Amino acid sequence: AGVHLGDLQQNLAANGSVVVSPLNTTDAFSVSINLSQSTVNNCPSLKNAESMALMELLTRLTAPCRYDRMVPPVVHNKDGEEVPMDIYARFYIYVMKNLDSSDLQFTVQGLLQLRYLDPRLAFSSYLPNRRQPIMGESELKKMLWVPHIFLTNEQASTVLGTSAKDELTSIYPNGTVLTSTRLQATLYCWMNFQKFPFDEQKCKTTLESWMYNTTLVQLHWETDNPVSFDKQLQLTEYNLIGSLYNESIRVSNESYMSHGSLEGNYSIISFTVLLTREVGYYVIDYFLPSIMIVTISWVSFWLQADQTPARTTLGCTTLLSFITLSLSQENNLMKVSYVTMSEVWFLVCTIFIFGSLVEFAFVNTIWRRNNDLQLKKRTTKYIVKSTFVPHLKKHRRHGYRRTDSTMSTMSTTSMDKTCGPNNTVITIETPIIIGGSLSREDSAISLDEQDETSTSESSDSSKEKPAQTFATMTPKEVSLWIDRKMRFVFPLSFIVFNALFWTLVYCL
Amino acid sequence: LDEDCPTLDDGDSLSQTQLLDRLTHGCRYDRLERPITYSETGQRLPVDVYMRAYIYFMQNLEAHDLQFKIYALLQMRYLDPRLNFRNVSPKRRQPILGEEHLRNSLWMPHIFLANERDSSILGLTEKDILTSISPDGTVIVSNRIKATLYCWLNLKKFPFDEQHCSTVLESWMYNTSELVLHWEQKRPITYDGALHLTEFVLQRSWSNETVINADLSDLRHGAFAGNYSSLSFTVHLTRVVGFYLMDYFLPSMLIVAISWVSFWLQADQAPPRITLGTSTLLTFITLASAQGKTLPKVSYIKVSEVWFLGCTIFIFGSMVEFAFVNTIWRRKKSVPVKKLNSKHILKSTLSPNLLRRRSHARSRSFSGTALHKTADTGSLGGAGFNNYLTVNLPITTIKEGQVLDQQRTSRVVQKMDVNFVESAFGSMGSAQSTGAISAASSSQTLTNNNRTESAGHQEEIDLSGWTTLTPQEIAMWIDSRARFVFPLSFLVFNLFFWTFVYCI
């Protein structure tokens with residue numbers, strides 16, 4: 001008995017002093033009771049929870065001996081097996097702004113709500129009469145285990161609030177924890193500008209579990225109203241068509257290491273907003289002015305072919321206006337490598353203005369020709385054919401030039417004699433300019449046929465004249481004819497292009 | 001054991017937090033001291049830190065301020081024997097997971113980005129930090145970071161350039177005798193499938209391990225000289241040129257082609273040709289300056305600047321060609337050329353002194369007809385500006401017939417009759433015309449035939465074998481040649497340009 005008491009005394013030395021009565025058995029029993037009480041006193045009791053303050057209750061509920069805030073709660077199903085914990089999320093968006101096409105970002109302000117069941121926090125057995133949840137803010141949240149959700153496409157994110165973070169945490173009697181966070185996130189939206197500015201964008205936001213894979217934590221959307229938008233939501237450049245929400249799994253492995261070195265499947269919830277760009281701004285600021293500028297360039301076809309200052313100014317100024325207009329629109333866009341619809345539009349309009357200037361150069365060159373066209377008929381085929389084959393006339397004119405030089409010299413010599421008769425001759429000769437050209441041609445014929453008789457020549461020339469007069473077009477007439485045709489060809493081509501363009505825009 | 005040091009004997013019955021608290025207690029774990037391992041010979045070994053990076057996306061490789069943003073997961077792995085809990089808690093086989101709170105209680109190697117502009121750890125309510133301690137003491141820390149890094153772009157071949165952007169990670173505190181950085185051996189750098197680079201295409205990437213020497217002349221590590229371990233990975237990016245072709249190169253080709261419309265106009269049409277040249281140049285400068293705004297000011301010549309300068313020279317050349325042609329048009333002398341080919345025309349056009357000297361010599365040799373030569377020049381100059389030269393041709397023909405009638409055969413008489421008939425058909429005032437021509441012929445008969453004949457004879461001798469071109473004809477000839485020379489030169493310039501772009 002003495003040895004027993006001695007050993008007991010040594011073992012209990014660390015836990016406090018014990019009064020030892022060597023002779024009485026009742027005293028030894030009392031020592032045993034004291035040991036039990038000291039062990040119980042390490043974990044704060046929850047017996048008289050009714051009289052405790054809420055803070056005291058929470059402190060005891062989350063004491064390290066019964067609650068580890070670094071470990072997620074373990075959930076068991078009816079069969080006693082361990083199942084992953086279900087976290088339900090709900091997102092309410094009340095601001096969506098800065099949906100920018102130049103750096104592919106948009107800003108969302110909303111309320112993110114997470115709901116899950118933590119049996120360790122159930123207090124209905126300790127407080128049977130209390131039915132309201134325990135509510136708190138950031139300080140309460142720091143005492144609990146809270147799932148860590150991150151936004152995969154975030155550029156920056158923060159919790160809103162002025163003096164304290166706007167976080168609300170509720171603990172219900174059965175252990176359900178509800179946390180609400182007012183957050184602002186700048187997210188990336190990977191836009192496709194193929195049909196800009198008639199494009200529709202899908203901006204996807206993905207919320208993902210950061211630490212635990214699907215064996216421990218699974219994310220879900222709430223069944224009723226998972227993603228909703230404020231009625232006063234205003235987007236400046238887009239229209240919100242609708243939204244989708246989805247739950248999926250992301251696999252993290254060696255080649256796709258999105259969660260550190262911890263491989264496995266991670267739960268993902270995502271919502272997608274469907275946006276349509278409002279095209280009114282672009283139609284009024286870019287498409288209508290460009291249609292007007294292209295139409296102005298067609299005024300050139302109503303001017304005469306020799307009005308060169310007016311027509312060149314018209315062509316160049318419309319092109320300068322158009323390049324300025326298209327450059328101002330390019331500043332609204334990210335630099336993408338593929339061809340967008342607006343680029344197709346601006347390039348084709350530039351080609352139309354370019355075409356009107358080229359047509360003017362063509363027409364002006366024809367206007368200044370000296371040879372009439374000999375046509376079989378006054379039809380498009382023969383006119384175009386004769387206009388584009390100047391070689392024969394060039395050779396003929398070349399041969400005629402030398403004779404012209406000789407005659408010019410003789411004319412100079414003749415004017416050397418007297419001044420008075422020279423003036424008289426000039427005045428009288430003005431009405432026969434056309435006659436002069438005719439005589440020139442006939443002089444060539446007579447030079448070639450010097451051995452013919454006089455009577456034969458006269459009859460031949462009189463016969464040829466009616467045929468030539470019937471089928472002759474002057475270069476000015478050809479120019480006017482081409483201009484008149486282009487007044488229909490250019491607008492018609494532009495209308496066809498517009499029909500194709502807007503069909504492509506609205507049917508693809 | 002000390003009384004203040006909590007025991008680890010019953011590690012299995014402790015919760016995770018309690019176990020960690022005891023493992024990292026100050027009596028057995030100093031978080032300011034690195035883990036120390038010894039080799040077999042008793043030397044202190046440096047800590048090996050293995051790095052791994054996963055790139056979510058890169059963003060905005062901005063040429064304007066030479067920066068790019070990177071969103072990545074950065075992972076560090078090292079062995080800390082002090083955190084080994086296999087012996088004290090044999091039943092616990094899963095690693096201990098924690099977040100920022102756990103990381104704050106551990107020793108952590110300090111790695112910094114050498115070329116960073118700013119960086120931060122992402123996260124909404126808490127920082128996205130994942131800390132894992134394996135039973136054998138291996139610590140794995142993962143951070144989701146956002147970093148804005150400098151990339152020193154070389155824009156010599158802009159917009160056909162390729163860039164190499166590096167991310168450099170260095171040890172901040174310990175040199176290579178204490179801490180050595182390594183990349184993981186298997187897949188150190190991985191990328192998200194959709195990297196979302198809008199202007200560039202990722203060709204490839206590589207990683208590198210080096211040692212950086214820091215001394216008093218290179219203070220990258222404060223005041224501590226020595227060798228520091230450094231890791232870097234480099235991405236090779238190629239710029240996508242579709243945007244620049246559609247928005248800058250094609251429009252500039254069209255604008256240069258429009259400046260060639262000038263060659264189809266007549267040389268004396270000064271207002272439209274000047275408007276054409278200046279407007280195309282203004283449009284082109286507007287287009288070129290719009291592209292220049294997106295780039296920093298660099299001292300070397302870029303490929304896009306070569307292109308814009310070449311196109312400007314072509315538009316400038318068309319203006320200079322107009323000035324040349326307009327000056328020739330307004331000359332007063334016809335130019336005799338031996339043959340109608342390029343060499344002789346250009347030679348005669350560009351050397352007017354010979355012609356003047358020759359004319360001067362001619363006037364000296366025939367002193368008796370000096371006054372007539374002066375009148376001759378004045379009349380010819382006057383005739384060049386109106387259409388009277390054409391009108392005088394019938395008179396020339398008739399007069400020639402009249403003069404030669406007294407000396408030659410009757411064929412000339414037939415020719416005169418034909419001309420009379422043509423004149424009668426061509427105009428309404430045939431009677432007056434005939435009378436006028438007859439009067440002119442009669443008046444010419446009264447003059448001295450001998451003098452007229454000798455003058456004509458001398459003129460004919462001087463101009464035998466030569467063709468005379470008026471200045472207007474030369475101007476038109478130059479314009480028609482420029483219609484082919486300029487497009488051909490532009491084609492050759494494009495050939496050289498695109499060959500240079502794609503071969504060098």
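Here is a short report on the structure shown in this document. Owing to the predicted nature of the structure, the values given are computational and were not obtained by experimental measurement.

Across its full length, chain B carries 14 helices and 16 strands. Within chain B, the proportion of its 504 residues that are buried is 46%. A separation threshold of at least 6 residues defines the contact pool for chain B, and within that pool the share at least 24 residues apart is 77%. In the structure as shown, chain B presents an accessible area of about 25900 Å², 57% of it carried by carbon and sulfur atoms.

Turning our attention to the overall build of chain A. Within chain A one finds 13 helices and 16 strands. Relative to all contacts within chain A whose residues are 6 or more apart in sequence, the contacts with residues 24 or more apart total 76%. For chain A, the exposed surface amounts to about 26900 Å²; the carbon and sulfur share of it is 57%.

Moving on, we come to the sheet that holds strand β10 (residues 200-209) of chain A. Residues and elements named next belong to chain A. In space, the four strands of this open sheet follow the order β6-β10-β14-β13, with antiparallel pairing throughout. The outermost strands of the open sheet, each flanked by one partner alone, are β6 (149-151) and β13 (238-252). The sheet shows a mean angle of 20° between the axes of neighbouring strands, taken without regard to direction. Across 14 bridges, β13 lies against strand β14 (residues 264-277) in antiparallel orientation. Across the sheet, residue Y245 finds its bridge partner in β14, namely F271.

Attention shifts here to the sheet that holds strand β10 (residues 162-171) of chain B. Residue and element names in this part refer to chain B. One open sheet accounts for four strands, arranged β6-β10-β14-β13; its pairing is antiparallel. Each having just a single partner strand, β6 (111-113) and β13 (200-214) make up the two edges of the open sheet. Strand-to-strand twist in this sheet, taken as the mean axis angle between neighbours without regard to direction, amounts to 20°. In terms of strand pairing, β6 meets β10 through three bridges, oriented antiparallel. By the bridge assignment, F112 is partnered in β10 with E170.

Now for the pattern of salt bridges. Once the charged atoms of two side chains with opposite charge are near each other, the side chains can pair. Overall, the coordinates contain 17 salt bridges over all chains when judged by the stated rule. We note a salt bridge from R273 of chain B to E321 of chain B, for which the minimum N-O separation is 3.1 Å. Placement of the pair is R273 of chain B in helix α4 (residues 270-292) and E321 of chain B in helix α5 (residues 303-329), with a sequence separation of 48 residues. You'll find R273 of chain B and E321 of chain B in the same group, each marked buried. Several salt bridges converge on common partners, so that one network encompasses E154 of chain A together with D128 and R144 of chain B.

Turning our eyes to something else, we now look at the nonpolar core. Formed by 184 residues in total, the largest nonpolar core has its most connected members in M96 of chain A together with M51, I70 and Y248 of chain B. The greatest single-element share of this core, amounting to 10 residues, is contributed by helix α7 (residues 341-367) of chain A. Those residues within four positions of M51 of chain B in sequence are excluded, and the remaining contacts are L74, Q75, M76, I111, L169, H182, W183, E184 and L231 of chain B. Listed in part, the 12 residues of the second largest apolar core include A267, W329, A475 and I478 of chain B.

For the rest of this paragraph, the subject is the packing of aromatic side chains. All names here are of chain A. Enumeration over the complete set of coordinates arrives at 52 aromatic pairs over all chains. Judged by centre distance (6.1 Å) and plane angle (85°), the ring pair of Y281 and Y286 falls under edge-to-face. According to the relative accessible area criterion, Y281 is partly exposed, its value standing at 43%. For the pair Y282 and Y286, a centre-to-centre distance of 6.1 Å together with 25° between the ring planes defines the contact as stacked. Note that Y282 and Y286 are positioned in helix α5 (residues 280-297) at a spacing of four residues, about one turn of the helix. A relative accessible area of 3% places Y282 in the buried class. Three or more aromatic residues joined by ring pairs make a cluster, and in this case those are F198, F287, W298, F301, W345, F352, F490, F494, F497, F501 and W502. The side chain of R120 reaches across the aromatic face of Y67, ending 4.3 Å from its centre.

In this section: the state of the cysteines. Residue and element names in this part refer to chain B. For the structure shown, the criterion picks out three disulfides over all chains. In this model C151 forms its disulfide with C165; the gap between the sulfur atoms is 2.2 Å. With the S-S bond torsion at -75°, the cross-link from C151 to C165 turns out left-handed. A residue pair is termed long-range when its members are at least 10 positions apart, and C151 in the loop between β9 (138-150) and β10 and C165 in strand β10 qualify at 14 residues. For chain B, the disulfide bridges join cysteines in the arrangement 1-2, 3-4, where the cysteines are counted in sequence order.

Moving on: the packing of α7 of chain A against helix α3 (residues 242-259) of chain B. Packed helices, taken two at a time, are described by the angle between their axes plus the distance between the axes. Put simply, α7 of chain A and α3 of chain B touch, their axes get as near as 11 Å, and they point 5° apart. The pairing of α7 of chain A with α3 of chain B is recorded here as roughly parallel in orientation. Contacts between α7 of chain A and α3 of chain B pair E343, L347, T350, I351, F354 and L357 of chain A from the former with F243, M246, D247, L250, L254, A257 and I258 of chain B from the latter. The residue makeup of the contact of α7 of chain A with α3 of chain B, split by class, is 10 nonpolar, one polar and two charged.

In this section: the packing of α3 of chain B against α5 of chain B. Residues and elements named next belong to chain B. Put simply, α3 and α5 touch, their axes get as near as 9 Å, and they point 10° apart. Classified by the angle their axes make, α3 and α5 are roughly parallel. As α3 packs across α5, the resulting crossing turns out to be left-handed. Within the contact between the two elements, α3 uses Y248, F249, S252, M253, I255, V256 and S259 and α5 uses W307, F308, C311, F314, I315 and S318. For the contact of α3 with α5, a count of residues per class yields 10 nonpolar, three polar and no charged.

Our focus in this paragraph is the environment of T499 of chain B. All names here are of chain B. In this structure, T499 sits in helix α14 (residues 471-503). With relative accessibility at 41%, the residue T499 sits in the partly exposed group. Side-chain polar atoms of T499 contact the backbone oxygen of L495, separated by 2.5 Å.

Here we take up unusual backbone geometry. At the junction of F158 of chain B and P159 of chain B, the peptide bond is cis and its omega measures out at 0° in the coordinates. Along the polypeptide, P159 of chain B turns up in the loop between β9 and β10. If you check the backbone angles, N225 of chain A has positive phi at about 55° while not being a glycine. In this structure, N225 of chain A sits in the loop between β11 (217-221) and β12 (227-229). What makes N225 of chain A exposed here is its relative accessible area of 56%.

Thresholds, definitions, all that
- Residues numbered from 1 in each chain as written.
- Chains lettered and ligands numbered in written order.
- Predicted model: local features only at pLDDT ≥ 70, side-chain atom pairs only at ≥ 80, totals over all residues.
- Heavy atoms only, no water.
- Helix = DSSP H or I, 4+ residues; strand = E, 2+ residues; numbered from the N terminus.
- Buried < 20%, exposed > 50% of the residue type's maximum accessible area, 1.4 Å probe, protein only.
- Contact = heavy atoms within 4.5 Å.
- Areas by Shrake-Rupley, 256 points an atom, 1.4 Å probe, with all protein chains shown as cover.
- Pairing = 2+ DSSP bridges.
- Axes fitted to C-alpha atoms, helices over the stretch in contact; angles between N-to-C directions.
- Salt bridge = Lys/Arg side-chain N within 4 Å of Asp/Glu carboxyl O.
- Core = buried A, V, L, I, M, F, W, Y, C linked by side-chain atoms within 4.5 Å.
- Phe/Tyr/Trp six-rings, centres within 6.5 Å; stacked < 30°, edge-to-face > 60°.
- Lys NZ or Arg CZ within 6 Å of the ring centre and 35° of its normal.
- Disulfide = S-S within 2.5 Å.
- Parallel < 35°, antiparallel > 145°, perpendicular 65-115°, else oblique.
- Nonpolar A, V, L, I, M, F, W, Y, C, P; charged D, E, K, R; others polar.
- Left-handed = near helix turned anticlockwise from the far one by under 90°.
- Polar contact = N/O pair within 3.5 Å; in protein donor to acceptor, adjacent residues only side chain to side chain.

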